[in-house]
Each structure stands twice: as structure tokens, then as C-alpha cells.
Amino acid sequence: MDGLRKDQSLVGATTTHNINEETNNITHKAISQEEEEEETEKEMVPPVGNSIHRSSSRPQLDLSGAAIQGNFEERDPTILLPNQSDDISHLALDIGGSLIKLVYFSRHEDRLVNDKRKKSAKERFGVSNGNMRRTFPILGGRLHFVKFETAKINECLEFIHSKQLHRGDNDNAVIKATGGGAYKFADLFKEKLGVSIEKEDEMDCLVAGANFLLKAIRHEAFTHKEGHKEFVQIDHNDLYPYLLVNIGSGVSMIKVDGDGKFQRVSGTNVGGGTYWGLGRLLTKCKSFDELLELSQRGDNSSVDMLVGDIYGGLDYSKIGLSASTIASSFGKAISENKEIEDYRPEDISLSLLRMISYNIGQISYLTALQLGIKRIFFGGFFIRGHAYTMDTISFAIQFWSKGGAQAMFLRHEGFLGALGAFMSYEKHGLDDLMVHQLVERFPMGAPYTGGKIHGPPLGDLNEKISWMEKFVRKGIKITAPVPMASPRTTGLGGFEAPSSKGDTLRCDESNLNVGVLHLVPSLEVFPLLADPKTYEPNTIDLADPNELEYWFTVLSEHLPDLVDKAVASEGGTDDARRRGNAFARAFSAHLARLMEEPAAYGKLGLANLLELREECLREFNFFDAYSTIKHRENEASLAVLPDLLMELDGMSEETRLLTLIEGVLAANIFDWGSRACVDLYHKGTIIEIYRMSRKKMQRPWRVDDFDAFKERMGFGDKKHQRHKRALLFVDNSGADVVLGMLPLARELLRRGTEVVLVANSLPALNDVTAMELPEIVAEAAKHCDILRGAAEAGGLLMDAMINIQDSPREKSSSTPLMVVENGCGSPCIDLRQVSSELAAVAKDADLVILEGMGRALHTNYNARFKCDALKLAMVKNQRLAEKLIKGNIYDCVCRYEPAN
């Protein structure tokens, strides 16, 4: 303790490294986003029966281990298939009367890095997953989702041809399709693309698509009441039976009992076609969307007879009817001496919408009640993301069930048929996917759900950048990350500003976005979570509009500095500057979209926002914006480490343990994601900031469980066994990992505890990565026998390729120090989706240490584990300090929780 307070001895032998020094120029080659298309077309063998039988030379589509995870998407929604080794494409279509929904598979070239650390980890932990190879960034196959207007089917055909999605092995290539257009346009597909359409049953596809989405996507289902969305977590083990209500022209009610097990149990001829048909006759509207738009401005009380009209403005409370309850749809037209021209079209449209929605809701509930079904999901053309329609159906279900049931809707409902048609291919590989193997990303161009087309699919990176620059030249405010066609353009106009109509709902207000589905078989649930079903990673609830606005402001203010760092990391070239500006506009557009509709990308937490920022950087080919800064800070901290270790070795064990925890907390101040800390960087060197931070380490801390942790470590009346294996989730590069976490790891090793350093798979801000850690450990091991022996035992020194033979060494420790990647590329971590490598090593661990704001505060602060857990962080945001620990900025958290 006293030794570390003598800061001058710690600094004296070290050359100070000023954080303000000019960033070195490093030029990175941009990684292309599109694979080279083959010039010769491959064609499929003709279909036989209900499945496609390919020749032996035809590569088989392997979607095993798929997951929704993305880095730099170039187009619309997608799914990653890392185990797919052949260059092929599949697509499937749902061709409706107004929209064409397309699902296609794309293959991306793998870029492998020879990572000896991963090979060593695979052998040590017995990880059998075939995806243990290092891919940076994560590449493979993906499922994309695209929409086109049926009236503009030639645009769809051109898109398919440009991507060569129709290639086969011979002259009889086949595309799977469902919907009425599969029959209507079969000859056109043959003429334009030379392919045959194989028709798939609509009901089969609908159910297959719904089953997949409900089992594979965590926040697929949601309720919608009075304009408020709430996502519902569905346990895929308790999914069946459910009632799927598909509202098209008519209504079909389908009881689903399992994969391929369903029956139509009821329905009604009063559906979307009824609404559109009557609406067109009564209002002269030319389109379904126009009719919906009218309803937003309507007042049905001028058309409908209400309970209050019958009872003199009073409720009929005896039977539970309020005065505003509709007693008879269009009932006032009976008693009023008016012609149709005397009624507002807006009022007629709303009355029609309520009449049909209420009846569908009532019939659906009664059907579910008769069959003993708890869950009711609604979808189809009539829904199309329309907020008021969902509200009306939800009200009907709640009213007739007396609150015992609720209507649920699906984010991807518009793509159920197309996805189901895709799954009709042989070896589609989607059946065995688990929810933790799917990661959804939202690149520029991710389409809306609902009935509107907001522009064509975006192409490669250059096209995205051109789009952003075009908007700036035209002075168009970017308000969403989705291309929107202006009425006065041919489709590339700009981002349509959302119209504001006071307190009324806009027609597209509840439109959500369909992201890119990446399928990652190597992701698993962290096995040490006490209860994975109730685990929620996010600590900050962004459902509060004030909270949402605050964090949006924080991210927006940090954006210019982030762009400067990203551009500098690529050498400050003109190309880097172009991409940097495009990234800033794109991320700002994401924020604008989420401010307008927080649920647009699913359930939103602070961790999701931070991860979205990193994904957006990667989308514009910035893969490590802080690379130069990290290298500089690592060098400066490693130069100080030997003196620190010497001082620590001169202390008693009890004093040393406290000093080590103080050191972790003090070093956690080095965080380029914090505005307050960035300001500090401009006022001093690493060592000066570290010394300042150490002086503030006076107990008690704001959250202080150190004494309980100290007792568990053996400094108390009760004796405990040493921990067998500790997982240390590290945070920032530089002083944080070198002067904070490495000395703590060394102490655990000294006590005979195996130590596994857990770091990011991909860069995020200045966080250290699993690829960078071995070199840092190797440099530290040059000056420490404990680290040297442990690193040798853990297979790290060979990977870092350093020469340690010239240094004197003591007997090597048999206790290994290892490094594993966590499976993510974000400042936070969702423990429901970690690498198989981490999941394997965690099975024998009995201590988890989470360090840093992202992993211990923004996420996982409330997480409970099966083993002992220690959460360490310095709070570097005043608002977070006030809300989470009722403290102030730079307060510290040392939270110890014994095994649950």
C-alpha cells in the first residue's frame, strides 16, 4: 500500500508519453464487401416432387450454425453462414398483389488469420465446434431480406440478375416462390431470367417462417397498446400450440402445433379486402395506404353509434360498457338525414377500420378460447406495421378476454412467406438454429416492415457513400437509415422527413426495420449465468424518453472525436475522410430513426446503441479506429509495469490485495468512450493521470464489498479454498489492462488459481482484443517470472513470438494464464451470446471478474452467476453515477457477490 503511494519512484525511470502527441498515420487497405461474381452461370437440375434434387456437382447450402451477426453489410437484411464453404446463391420469393418479398443467401469470402492462441485454446478446452478458426471480421453466408413493389417487378428482376442469384447448373434453374404472383409472373421469370418458378403452398410457407422467427429471434414478438410497443420473450421450448391469424383479403386462423404440424381451424371473409373494397366505394381512395392514412385523421363518433348516444352520454356500467364503446358501427347513418357526401372520408375510414379490426379480434379470441390456446399472433397484409390497426386489434383481444389474453405481432411478419419458401430448399440448415446463434444487425438500407417501399436496395460501400454525399449536396436532412424515394424522383431522392401531425399516429409510426440476420454457430449462452431465462444484460432502461434523449446527446457529442480517430487510424487519406464523413451521417441517421421510433430495431438498451456504433464503423471499413492510440498507451504502460510489480512484491499479502483492487479501479479511468476522460487526456500524460486517479482511491468506495471479497480470498476467520479458475473480463488497452488487470491476474496466479483473460473478438473504442493480448502479456513476461511461467503454460508466449531465452528465469509456474475471445465487438457484452471458446473454459471457473463501465455497469451490473463474481469499475459519467449508485463521477464500484 505504502509503496504505491510513492508515485515518484513509480514514474522516475519512465519516459512520459503525452497523450496529445500526434497520431501516427497507419494506412489500412479497405476490405471489399462484395465477393467476385463468377462469369459463368451455374444452373440447377429440374425439381422433382416438393424438393429440389441437385446434381452431385451442385454445391449444397450449409446453413448449420447460422447466426445474425454482421460487420460491414453491403445491402439489405442478411444471415451469416460460417460453415458454408461453397460459392452458391439461393433465393426465394413471396409475390403478393402489391409487394414482392425476397429472401436470398449470399456467400462471403473467408479471411483467415493464423492464430496459434486459438488452436491452443481449442486443444486445452476440448472445443469441438468447427468454427474455432479465426475470422476477422466474421464472414460467411448471410440471409438478406429485400422488398419491391409488385407493380415494379422489373426492378426485382434486375436486382436478381445483377446479383446473379438465379445461377444454376443447367438450363433448368429453379426459384422457390409463394403467393399469387408465383403463378401470375412465372412466364416473365422464364423469359427474363431463364428460370422456372417452383410454387410453394402459401400456408406451409407462412407457418414455417413464423416458427423459425419465433424460435430463433429473441425480440421477434411484441404487443402494441395505445401506441406503446413491448417486446415479449418467447420460450421456444414452450412455443406450441399457438394461433396464427393471417389477415389478408380474408382471414385465416391457423392452429400451429409444431414444425409442419398445423391446421386451419377458423376464419372469416371479413378482412383486409373488405376494408379496402368498402373503403374505396365509400371514400374514393385509390390505394390501401391512402385509406389507412385517412383513418389517422378520423373521428368515428360522427359515424358510429356509441353507448353514450343511447344512454344520454352515460356509461352502461352494469355490464361494463363505457359511453365511448361502439354500440353499432355506422349506426348514426340510420337516424341522420345525411347523404354519403355529408360524411368526412376520414371518419368513414376510421369507422371501417375499427369495425373490421374489432370483429377479427373477437373471433380470434373466441377461437383461441375454444381450443385452449394462450398465444395469438397476428400478421398479414392488413397489419403491415400500421399502429392504429394493431392498437384496435389489441383492444378487442383485451376487451373480450377481460385482460386474460393479449394480441402479439411479429417484427418480420411481412417476410414470413418468403422465408418459409426459402426453407423449402433441401439442406437450408435453419431447423436446428438456437436463439443465441442469431445476431441481428442494421446496416444502411435495412428495409421497413409494413406496406411501403422506401427506395431501392443499396449496393456496395461506394454506393452508400455516394448516397450520403448526395443528401448533403441537396441539403436533405437524413432522418432514417433507410433509403426513401421522394415523389419527385426516380427512387434515389433522399431520406423522407417524417411528417408530424400533432398527437395523432402517423400511418407508418409503428413500422419497424428488418435487420441483417447473421447465423453464427460458435455463439453459446454463458454457462455460469444463474438463470439465463431471466437474464437482462442492459442496466440502463431507455424506455424513459429523457434517458433516451440524454444518451443520444452523449453519443452525438462524441461523434466528431470518433470520426477524427477513425480517419487518423487509416492515415488521414481522402478516402478515409470520405468514409469517415459518411459514417458520421449514417450513425446520426440511426440515432434520428431511433429517437423517432425507439423500438425500430427491437428492444433498445444502451448496450445496443454502443454496439450499433461499432457496427456502423465496420460497415464503412473502419475496423480499429483507436489502433494507434492503443499501441502508444500499451508501450507507455509496459514501461512502468516493472517498477509497479517490484513495489507490489514488497507488500504483505493483505495490503497487496487492497492495492491491486485500488490499481484496477484507478487504471479504469483510461476510457476513450467517456467524454470526461477524453478531456483528461488533453491535460497530461498517462502516468500523470494514473497518479491523479490513485490519489482518489480512498475507501469507502461508493459500492464497497472489498472486505467480503478479502475474506473469501482467505483473510478472515473462516478459511476458504482457493479459486480453481478465474475469468477476468478485461476492458481498455494501456494502463487499464497493463497496470490494473495484469497485476491482479498475477496475484491470482501466485495463489495457484488458473487465470483466463477474456477480451473482445473485434475492436471497439480503445478496448483491448484477444488478438492483441498475447503480445502484451509476452512483453510483461520479460520482466516477471510469474507471468512468464504462466504464459508458457497457457501457450501465449509462442503465439506472441518473443525471444525470452536470454532472460534469467525461475522455475516455471504450472498454473496457466490463458486468453480467450468473448465473441463480440462492443464495449458491452451480452452473456447470452459468447464464443464457444469462452463457454468451454467457463465450465470449470469458480470466479468471474467483470471490469469496466461497459461490462460491469452498462451491462451485467444486475447479473447473477453460479460462481463468485466481482464487478469493478470507475463511473465516468455523472448521470450514470447518480442513477445507478446515487454518487458522483469518478466514484468507484467494488461489488462482490458470492456464488448464487
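I will try to describe carefully the structure that is included in this document. (Residues numbered from 1 in each chain as written. Predicted model: local features only at pLDDT ≥ 70, side-chain atom pairs only at ≥ 80, totals over all residues. Heavy atoms only, no water.)

Moving on, we get to the overall build of the protein chain. In terms of helices and strands, the protein chain carries 30 helices and 25 strands. Residues counted as buried form 61% of the 900 residues belonging to the protein chain. Contacts spanning at least 24 positions in sequence make up 76% of the contacts within the protein chain whose residues lie at least 6 apart. Carbon and sulfur atoms make up 48% of the accessible area of the protein chain, which amounts to about 34,600 Å² in all. (Helix = DSSP H or I, 4+ residues; strand = E, 2+ residues; numbered from the N terminus. Buried < 20%, exposed > 50% of the residue type's maximum accessible area, 1.4 Å probe, protein only. Contact = heavy atoms within 4.5 Å. Areas by Shrake-Rupley, 256 points an atom, 1.4 Å probe, with all protein chains shown as cover.)

Once that is clear, we can look at the pairing of strand β4 (residues 174–178). β4 sits mainly inside the fold: 5 of its 5 residues count as buried. With burial as the criterion, each face of β4 is covered, one bearing V174, K176 and T178 and the other bearing I175 and A177. As judged from the 3 bridges shared by strand β1 (residues 90–95) and β4, these two strands associate in the parallel manner. Paired with L93 across the bridge in β4 is A177. (Pairing = 2+ DSSP bridges.)

This part is about the packing of helix α4 (residues 153–163) against helix α6 (residues 186–193). For the pair α4 and α6, interaxial distance at closest approach is 11 Å and the crossing angle is 45°. Between α4 and α6, the angle is such that the two are oblique. For the pair α4 and α6, the crossing hand works out as right-handed. Across from I153, N154, L157, I160 and H161 in α4, the residues of α6 making contact are L188, F189, K192 and L193. (Axes fitted to C-alpha atoms, helices over the stretch in contact; angles between N-to-C directions. Parallel < 35°, antiparallel > 145°, perpendicular 65-115°, else oblique. Left-handed = near helix turned anticlockwise from the far one by under 90°.)

Turning next to the environment of K147. Of note, K147 is situated in strand β3 (residues 141–149). Classification of K147 by relative accessible area gives buried; the value is 8%. Separated by 267 residues in sequence, K147 and G414 have C-alpha atoms that sit 9.3 Å apart.

Another aspect to go through is the sheet that holds strand β6 (residues 221–225). Taken together, the 7 strands give an open sheet; going across it, the order is β7-β6-β14-β13-β8-β9-β10, and neighbouring strands pair in mixed fashion. Of all strands in the sheet, those bounded by a partner on one side alone are β7 (228–232) and β10 (261–268). Strand-to-strand twist of the sheet, defined as the mean angle between neighbouring strand axes without regard to direction, takes the value 35°. Relative to β7, β6 is paired through 5 bridges, and the arrangement is antiparallel. Bridged to T223 within β7 is E230. Its contacts with the sheet put helix α13 (residues 387–400) on β6, β8 (242–247), β13 (376–379) and β14 (407–410), and the angle it makes with β6 is roughly 85°.

For the structure shown, the criterion picks out 22 aromatic pairs. With a centroid separation of 6.1 Å and an interplanar angle of 25°, the aromatic rings of F395 and F399 are classed as stacked. Residue F395 and its partner F399 are located together in helix α13, separated by 4 residues, close to a single helical turn. Using a relative accessible area of 45% as the deciding quantity, one classes F395 as partly exposed. Residue classification places F399 among the partly exposed residues on the basis of a relative accessible area of 32%. (Phe/Tyr/Trp six-rings, centres within 6.5 Å; stacked < 30°, edge-to-face > 60°.)

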